Amino acid sequence: MEELAMLVAHVEQLIERGDHTELADYLNELNISDVEELIDELPEYGPLFLETLSLKRAVNVFRILDFPTQERILKKLPASKIRELLNEMPPDDRTSFFSELKGDVVKRLIILLTPEERKEALSLLGYPEDSVGRLMTPDYITVKEHWTMPRVLDHIRRYGSASETIDVLYVIDSDGKLIDDVRIKDILVAEPDKVIGDLIDNRLISLHADDPQEEAVTIFRMNNRVALPVVDEQDIMLGIVTIDDILWVANEEYTEDMQRIGGTEALDEPYLDVSIFHLVKKRAGWLIVLFLGQLLTFNVLQHYEAKFTTVLVLLMPVIMSSGGNSGSQASTLIIQAMAMGEVTLRDWWMVMKREILSGLLLGVILGVLGFLRIGVEEVFKDTYGDAWYLYGAAIGSSLVGVVLWGSLVGAMLPFILRRFGADPASSSAPFVSTIVDVTGLVIYFSFATYILRDVLFN
């Protein structure tokens, strides 16, 4: 923090002196992450920083800014600078930026692109939102099977600077069909008389342009790749997706899932940039649903009203919270496992069996503690009289039933939502807790009514 403060102070001095030459030299020597922090600290000078930086570094800074900052800066830049930035931006980053803008703004900006860049941008924007096609870049290097190592290296020297990455080269046939990929390491250590065909190992992993981005994240994670090729239905190579774009998607997915698990709709912008009205709108829907769900507890309590005793009412929060907590735990674990690709729809039966066993064991642990709690209180306060063990049994058995039920609901709800095409993260902890609260009361009073029938009705 102290280093950042010194950086900000020095830049402010340069701006006050109006020394744009020294400012340009200084900014161009910084890491792009440092310039990004400067823009966060001095947002009013963001446009000045981008105009002062060299074009390539300005593009690299602009592409790592969050969208609200990008939009704010773009509005204050001259058209000539906007044209330079957009034309120099990597196609995948430009597509990501355009995807966040309104349609009329995109139309105005696309006009600023060169004919070639415009054609590329429109092609990428033509893919469905949240598809792999929106992430890919057409900047990559392809080679042919019959090429020798010297020819390949000469090809890299000629076209490598325009490629997003040269860690991997892609082998295609005369029709543009993807055959395999070859790592640059294998090419550098190969004998000069070898041809690309000798290096092919037929272990190709590729993505399809219409695949969901979330699926691409899983494939990258499981295969430890820095880039993957993207093909169409005929296996014609269309582009590549690199790890930096996948990390960005993974971060967005994680953020959205965390917000949904917390019982709110995903925010489209950083929290501090969201208006109060928009924030209330995002949160109100789930709160209304949860409120209406909790109203069902009134109906349950009304049904068992005649059987209430003061003791049963006092013990009610213990039962409800235990069931809700177990459900929230199970829901969070399964949502996380689904996001990591560890669990799929076909695993539902295995998950159910595991949750029945774990829920039962957890319920027994809490049930025993609940029974002991009643016994200890009876020893010191004589609260329950001769029927203390019946109250203990009612609480203990209710805890077993409610915790088991909560675990099943929390674990199965993400599967049900995924089966019907909804986001499993929508089975948030508050939503699961509401369901288990209502049904848990039924379980509790059913056990209590049965076990304490001689006490309650005499």
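Under an unreviewed UniProt entry, the name given to the chain is Magnesium transporter MgtE, and the organism recorded is Sphingobacterium mizutaii. The record held by UniProt for the chain lists under Function (unreviewed entry) the comment "Acts as a magnesium transporter." UniProt annotates the chain under Sequence similarities (unreviewed entry) with the comment "Belongs to the SLC41A transporter family."

Description of the environment of Leu178
Inspection of the secondary structure assignment puts Leu178 in strand β3 (residues 178–183). Dropping the residues within four chain positions of it, Leu178 is found in contact with Tyr170, Val171, Ile172, Leu204, Ser206, Pro229, Val231, Asp235 and Met237.

As for the packing of aromatic side chains
Scanning the entire structure with this criterion turns up seven aromatic pairs. Geometrically, the ring pair formed by Phe62 and Phe97 is edge-to-face, given 5.4 Å between the ring centres and 80 degrees between the ring planes. A residue pair is termed long-range when its members are at least 10 positions apart, and Phe62 in helix α5 (residues 55–64) and Phe97 in helix α8 (residues 91–100) qualify at 35 residues. This pair shows no difference in class: Phe62 is buried, exactly as Phe97 is. Summarising the aromatic geometry, the rings of Phe97 and Phe98 are spaced 6.2 Å apart at their centres and angled 35 degrees between planes, so their arrangement reads as tilted. Grouping aromatic residues by their ring pairs yields a cluster made of Phe62, Phe67, Phe97 and Phe98.

A look at the pattern of salt bridges
Within this structure, the stated rule accounts for nine salt bridges. With a shortest N-O distance of 2.6 Å, Asp93 and Arg63 are connected by a salt bridge. In this pair, Asp93 sits in helix α8 while Arg63 sits in helix α5, placing the two residues 30 residues apart along the sequence. A relative accessible area of 12% places Asp93 in the buried class. Through salt bridges that share partners, Arg63, Asp93 and Asp244 make up one connected network.

Here's the deal with the UniProt feature "transmembrane region" (unreviewed entry) in the chain
If you check UniProt for "transmembrane region" (unreviewed entry), the listed places come out as residues 284–304, 356–376, 388–417 and 429–452 in our numbering. End C-alpha atoms of residues 356–376 are separated by 30 Å, and the span's content is 100% helix alongside 0% strand.

Re unusual backbone geometry
Positive phi values are uncommon outside glycine, yet Asn202 reaches one of about 55 degrees. In this fold, Asn202 is placed in the loop between α13 (196–199) and β4 (207–208). When its relative accessible area of 66% is taken as the criterion, Asn202 is described as exposed. Unlike most non-glycine residues, Asp235 shows phi in positive territory, near 65 degrees. Examined against the element boundaries, Asp235 turns out to sit in the loop between β5 (227–231) and β6 (237–242).

Conventions used here
- Note that residues are indexed from 1 along each chain, following the sequence as it is written.
- It should be noted that, the model being predicted, local features are given only for residues of pLDDT at least 70 and side-chain atom pairs only at 80 or more, the latter also being counted only at that level, while totals for whole chains, interfaces and linings use all residues.
- Neither water nor hydrogens contribute to the side-chain values; these are computed over all heavy atoms in the structure.
- UniProt positions are given in the numbering used here, feature names are shortened, and annotations may be inferred rather than shown by experiment.
- Helical segments are the DSSP runs of H or I of at least four residues, strand segments are the runs of E of at least two, and each set is numbered from the N terminus.
- Contacts were defined at the residue level, with two residues in contact if any of their heavy atoms lie within 4.5 Å.
- Stacked, edge-to-face and tilted are the three classes for Phe, Tyr and Trp ring pairs, Trp counted by its six-membered ring, which pair at centre distances within 6.5 Å; planes under 30 degrees apart are stacked, over 60 edge-to-face, the rest tilted.
- When a residue's accessible area, from a 1.4 Å probe over protein chains only, is under 20% of the maximum for its type it is buried; when over 50% it is exposed; and in between it is partly exposed.
- Salt bridges, as used here, are contacts in which a Lys or Arg side-chain nitrogen is within 4 Å of a carboxyl oxygen on Asp or Glu.

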